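Chain residues, written in single-letter form:
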Amino acid sequence: LFARFEPGIQRSSLSSFAEASPYIMTDVRLRHQMDRINFSFGAEADFSRMIHTRLYLNYTQSENMPIFVDPLVLGVWNVVYFGTTRIVSVNGEVYADITDEDNLGGSFSIRTNSNSSTNNSIPYFPSFLASMAYQHRFPFGLSIGATMQMVGRQYTDLAESRSLSGFAVLDVKAEYSILPRWNVVLMLGNLFDQKQTWWQGYSGLGRSVSLGTSFAW
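Rules of the game
Residues numbered from 1 in each chain as written. Predicted model: local features only at pLDDT ≥ 70, side-chain atom pairs only at ≥ 80, totals over all residues. Heavy atoms only, no water. Helix = DSSP H or I, 4+ residues; strand = E, 2+ residues; numbered from the N terminus. Buried < 20%, exposed > 50% of the residue type's maximum accessible area, 1.4 Å probe, protein only. Contact = heavy atoms within 4.5 Å. Areas by Shrake-Rupley, 256 points an atom, 1.4 Å probe, with all protein chains shown as cover. Lys, Arg positive; Asp, Glu negative; His and termini not counted. Charge placed at Lys NZ, Arg CZ, Asp CG, Glu CD. pLDDT = per-residue confidence, 0-100. Patch = residues over 30% accessible without salt bridge, like charges linked within 9 Å, V, L, I, M, F, W, Y side chains within 5 Å. Salt bridge = Lys/Arg side-chain N within 4 Å of Asp/Glu carboxyl O. Core = buried A, V, L, I, M, F, W, Y, C linked by side-chain atoms within 4.5 Å. Phe/Tyr/Trp six-rings, centres within 6.5 Å; stacked < 30°, edge-to-face > 60°. Pairing = 2+ DSSP bridges. Polar contact = N/O pair within 3.5 Å; in protein donor to acceptor, adjacent residues only side chain to side chain.

**Description of the overall build of the chain**
And step 1. The helix and strand tally for the chain stands at one helix and 15 strands.
And step 2. Overall, the chain is about 60 × 45 × 35 Å in size when its C-alpha atoms are taken along their principal axes.
And step 3. Within the span of the chain, comprising 217 residues, buried residues form 32% of the whole.
And step 4. Pairs at least 24 residues apart make up 54% of the contacts formed inside the chain by residues separated by at least 6 positions.
And step 5. Accessible surface computed for the chain: about 13,200 Å², of which carbon and sulfur atoms make up 60%.
And step 6. Here the chain contributes 16 positive and 18 negative side-chain charges, whose respective centroids are spaced 5 Å apart.

Below you can see the structure in the form of structure tokens.
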């Protein structure tokens, strides 16, 4: 079992906002987010030397949390600050060395939030996030793997009148060692060509294929 209480300041910058939203205005006001309360409680367990799990509950109460808004639906976002934002999440992680050649890992987060000024959820805060990854290594230098990312529904305005549907994206990767330090990588992105929308009006890449190589010395 474990418990943590970690209040603190999350420093903001234009680059951190641009990383969160590449469609941000360049003249946004910058304020550092103050986490008055950041409390986690949970448990970790190893069912064997091969399987490690972690499950925990987190509660955060923040002031000056950046809230991304686009009231005119122009496809460009501003950042506003008001009220106190409370977030409750249930989180889980698992990692397994199934065999010497097979690894599996995954995580999930079920989240709810509310802002004291609007009594609604803040925009662009998915209710569910999850990811899973698997890799198998062959003895002749080939490794194959797959990753899946799942994103739940998220509102796009302060009134909760518009929202984006959730989605799941599967990527597949193969890597082969031609020489000890020379690798060739083939990636199939968004294998099932799922529509993925993180920001209103902007869709992610559809099905894609990429081929690359790397050499280390």
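**Some thoughts on the confidence of the model for the chain**
And step 1. On average, residues of the chain score 93 in pLDDT, and 100% of them reach the 70 mark or higher.
And step 2. Averaged pLDDT values for the elements of the chain fall to 86 in helix 1 (residues 14–20) and rise to 97 in strand 9 (residues 128–137).

**Section: a nonpolar patch on the surface**
And step 1. On the surface, Phe140, Tyr176, Ile178, Leu179, Trp182, Phe215 and Trp217 cluster together into a nonpolar patch covering about 840 Å² of accessible area.
And step 2. For the nonpolar patch, the leading source of residues is strand 13 (residues 167–179), giving three residues.
And step 3. Tracing the backbone through its elements, the reader meets Trp182 in strand 14 (residues 182–189).
And step 4. Classification of Trp182 as partly exposed rests on a relative accessible area of 36%.

**What to know about the nonpolar core**
And step 1. Core analysis: the largest hydrophobic core is formed by ten residues, namely Phe17, Ile24, Val28, Phe68, Trp77, Val79, Tyr81, Tyr124, Leu164 and Trp199.
And step 2. Among the nonpolar cores identified, the runner-up in size contains six residues, and Met65, Ile67, Ile122 and Phe125 belong to it.

**Remarks on the packing of aromatic side chains**
And step 1. Scanning the model with the defined rule gives twelve aromatic pairs in all.
And step 2. The interplanar angle of 85° and the centroid separation of 5.7 Å between the aromatic rings of Trp77 and Tyr124 together place this pair among those described as edge-to-face. Pair noted here: Trp77 is in the loop between strand 5 (67–69) and strand 6 (78–80) and Tyr124 is in the loop between strand 8 (102–115) and strand 9, with a separation of 47 residues, a long-range link.
And step 3. Here Tyr124 falls in the buried class, since its relative accessible area comes to 11%.
And step 4. Here the aromatic rings of Trp77 and Tyr202 are separated by 6.1 Å at their centres, their planes lie at 50°, and the arrangement is tilted. Highlighted residues: Trp77 in the loop between strand 5 and strand 6 and Tyr202 in the loop between strand 14 and strand 15 (208–215), separated in sequence by 125 residues.
And step 5. The class for Trp77 is buried, based on a relative accessible area of 0%.

**So, unusual backbone geometry**
And step 1. One non-glycine residue, Asn119, lies in the positive phi region at around 60°.
And step 2. Within the element layout of this structure, Asn119 appears in the loop between strand 8 and strand 9.

**Let's talk about the pairing of strand 8**
And step 1. The pairing of strand 7 (residues 84–97) with strand 8 spans 13 bridges and is classified as antiparallel. Residue Glu93 lies in a different strand from strand 8, and its bridge partner there is Ser107.
And step 2. As consecutive antiparallel partners, strand 7 and strand 8 are separated by four residues.
And step 3. One ladder, built from nine bridges, connects strand 8 with strand 9; its direction is antiparallel. Note that in strand 9 the partner of Gly105 across the bridge is Ala133.

**Describing the environment of Gln10**
And step 1. By secondary structure assignment, the location of Gln10 is in strand 2 (residues 8–10).
And step 2. Reaching out from Gln10, the side chain makes a polar contact with the side chain of Asp35 at a distance of 2.7 Å.

**Points about the pattern of salt bridges**
Oppositely charged side chains can pair when the atoms bearing their charge come close.
And step 1. Considering all chains together, one arrives at five salt bridges under this definition.
And step 2. The shortest N-O distance in the salt bridge between Glu93 and Arg54 comes to 3.5 Å. Here the residue Glu93 occupies a position in strand 7, and Arg54 occupies one in strand 4 (residues 51–63), the gap between them amounting to 39 residues.
And step 3. Under the relative-accessibility criterion, Glu93 is labelled partly exposed at 36%.
And step 4. Assessed through its relative accessible area of 17%, Arg54 is described here as buried.
And step 5. One salt bridge in this structure joins Lys173 and Glu175, with 3.9 Å as the shortest N-O distance.
And step 6. What emerges from the salt-bridge pattern is a single network uniting Glu44, Arg54 and Glu93.

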